[in-house]
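Letter by letter, the chains look like this.
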Amino acid sequence: MKRFTIIILILTLATSIRAQKFDDYFADATLRLDYTFSGGVKRTSIYLDKLNYIPRWYGKRKRLAEVPMEGNGQVVVKSRKDKRIIYRNSFSTLYQEWLTTPEAESVSMSFENVFLMPMPKDTVEVTINLMNNRREITATMTHTVVPTDILIHHIGERYVTPYDIVQKPADTTRCIHIAYIAEGYKEEEMGTFLEDVNIANEALFAHEPFKSMRNRFEVVAVKAPSKESGTSEPSNGIWRNTALGSHFDTFYSKRYLTTLNLKQLHDWLAGTPYEHIIVLVNTSHYGGGGILNSYNLSMTHHPKFRPVVVHEFGHSFAGLADEYAYENEPIPMYPADVEPWEKNITTKVDFRDKWETLLTKDNSVGFYEGAGYSLNGVYRGCEDCRMRTNENPEFCPVCKKVITEVIEFYTE
C-alpha cells in the first residue's frame with residue numbers, strides 16, 4: 001500500500017511539473033526586485049526597497065521552479081491562489097561574502113541587491129532566503145506582490161541606454177542573454193568599448209563548451225557613458241566619476257574590482273535584452289570579480305584580460321568555485337564537514353551529482369587537494385583549469401560538464 005501511494009505521489013508531482021506553463025502564471029515582462037541586505041555576523045535583515053516593471057522577459061521559460069545550482073541564496077515565488085511554487089532562482093551576493101570578513105564581526109553595513117523574475121499575472125508571495133557556508137538558512141523574508149499595484153515603477157520603456165547586437169542566437173525563444181556593459185568609458189570612448197567587447201566575447205566562445213554551443217547565446221553591448229575614464233583606486237587615493245561607481249580594494253583586497261551600485265547597474269540595463277551581465281572596466285590595472293547570477297566584472301587593458309573575463313564568467317554564470325588556494329593566507333570558506341554546493345569542488349562529505357561519472361572515463365579526473373581557498377580538505381577534479389590559473393588555456397573536464405549542464409538547463 002505504501003509503495004502504491006509513493007508511486008501515485010511521484011506521478012502526481014511529475015504531472016504537476018509538466019503541466020506548469022509560463023503563460024499560465026506570467027506575462028512577457030520583467031519584475032525587478034530591489035532589496036537591501038543589512039547587518040553583520042550576529043544578525044542579518046532583508047528589506048524590500050522597490051518593485052520595478054520592465055517590458056519583456058529574457059530569462060528562463062521552462063523548468064521555472066528548478067535551479068541548476070543551489071547558490072548562497074534563493075528567490076522563491078509562490079502563487080497566492082494555489083500556494084504552488086511557480087518560479088525559483090539562485091544567487092550569491094557581495095553581502096554574504098562580506099560577512100566572512102573580520103569587519104563584519106564588529107560593524108553593521110548595508111548592501112544593495114537586485115533580482116529579476118517574470119512578471120506575474122496574479123498575486124504572488126516572494127521569499128528571499130540567505131544561506132551560510134553550512135548551507136543553513138540564516139535570514140528570510142516574504143512579501144506579497146500584487147501586479148496591479150500602481151506603485152510598481154515602470155522603467156525601460158523610454159530613454160533606453162543605446163546598445164549594439166553583438167551576436168544572434170539560432171532560436172531567440174530558447175537562448176541565453178548576455179549583456180556587456182561599459183564602465184569607465186566616456187562617450188567618445190565607446191569605439192574602444194566595442195573593441196573590448198569583441199575581444200572578451202571571442203575569448204569566451206573560444207572555450208568549450210561555449211564554443212560548441214555558441215548559437216544558444218544572444219549578446220549585446222550596452223553603451224553606458226561615464227563622466228571620467230577608468231575606475232576608482234582607493235589605495236592610491238583615486239576616485240573617479242563613472243557610470244557604475246566601480247572600484248578596486250573591495251574588502252581591502254587590492255585586486256578585487258567590484259561595484260556596490262546594483263540598482264544603478266540595472267537602471268542602465270533596463271529595456272535592453274539582458275539576463276547575465278558582464279561589466280567591462282576601462283583600466284589597465286589587474287582585477288575583477290564574479291558573483292553568481294549578479295554580474296561578472298573585469299578590467300580590459302591588462303595582458304590577462306582574456307583569461308580573467310572568462311574565469312569570472314565561470315563564477316557568475318555557472319556558479320563555479322575558485323580552484324586555487326592561498327599558500328600564506330588560507331580562507332576557511334568551506335567547512336570540512338559540509339559538502340559545498342559548487343559542483344567543481346568537494347570535501348568528499350557527499351560527493352553526489354558532481355564528477356563521479358568522469359572518474360572512469362577520463363584519466364585526468366580525480367581528487368586533487370587544494371581548492372576553494374583551502375590548501376587541505378577541499379578537492380578539485382583536475383590538476384589545472386581555467387578556474388585555477390590564468391595560464392591554463394581551457395576549462396577542465398569537470399567544469400566543462402557543469403557549464404554544459406547549465407546551458408542545457410536554460411535552453412532545452
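Quick notes on the rules
Residues numbered from 1 in each chain as written. Predicted model: local features only at pLDDT ≥ 70, side-chain atom pairs only at ≥ 80, totals over all residues. Heavy atoms only, no water. Buried < 20%, exposed > 50% of the residue type's maximum accessible area, 1.4 Å probe, protein only. Helix = DSSP H or I, 4+ residues; strand = E, 2+ residues; numbered from the N terminus. Pairing = 2+ DSSP bridges. Axes fitted to C-alpha atoms, helices over the stretch in contact; angles between N-to-C directions. Phe/Tyr/Trp six-rings, centres within 6.5 Å; stacked < 30°, edge-to-face > 60°. Lys NZ or Arg CZ within 6 Å of the ring centre and 35° of its normal.

1. Here's the deal with the pairing of strand β3 (residues 73-79)
So, step 1. Of all the seven residues making up β3, six are buried; the element is thus mostly covered by neighbouring parts of the structure.
So, step 2. A loop of five residues connects β3 with strand β4 (residues 85-91), the two strands running antiparallel in sequence, and K83 in this loop sits at a positive phi of about 60°.
So, step 3. Where β3 and strand β6 (residues 124-131) come together, seven bridges link them in antiparallel fashion. Bridge pairing in β6 links V76 to T127.

2. A look at the sheet that holds strand β9 (residues 163-167)
So, step 1. Strand order in the open sheet formed by six strands is β9-β11-β10-β12-β14-β13, with mixed pairing between adjacent strands. Looking at which strands have only one partner, the edges of the open sheet turn out to be β9 and β13 (288-291). Direction aside, the axes of adjacent strands within the sheet are offset by 20° on average.
So, step 2. For strand β10 (residues 176-183) and strand β11 (residues 217-222), the ladder comprises six bridges, and the chain directions are parallel. What sits directly across from I176, in β11, is F217.

3. Some details on the packing of aromatic side chains
So, step 1. For the structure shown, the criterion picks out 28 aromatic pairs.
So, step 2. Ring geometry for Y35 and F115: centres 5.9 Å apart, planes at 45°, overall tilted. With Y35 in strand β1 (residues 26-39) and F115 in strand β5 (residues 109-120), the pair connects residues that are 80 residues apart, well separated along the chain.
So, step 3. You can call F115 buried: its relative accessible area is 7%.
So, step 4. Judged by centre distance (5.3 Å) and plane angle (85°), the rings of F409 and Y410 are edge-to-face. There is no split in this pair, since F409 and Y410 are both buried.
So, step 5. The structure contains a cluster of three or more aromatic residues connected by ring pairs, namely F205, F210, F217, F313, F317, F395, F409 and Y410.
So, step 6. Taking NZ or CZ as reference, R61 lies 4.5 Å from the ring centre of F22, over its face.
So, step 7. K348 extends its terminal NZ or CZ atom over the ring of Y379, reaching a point 4.3 Å from the ring centre.

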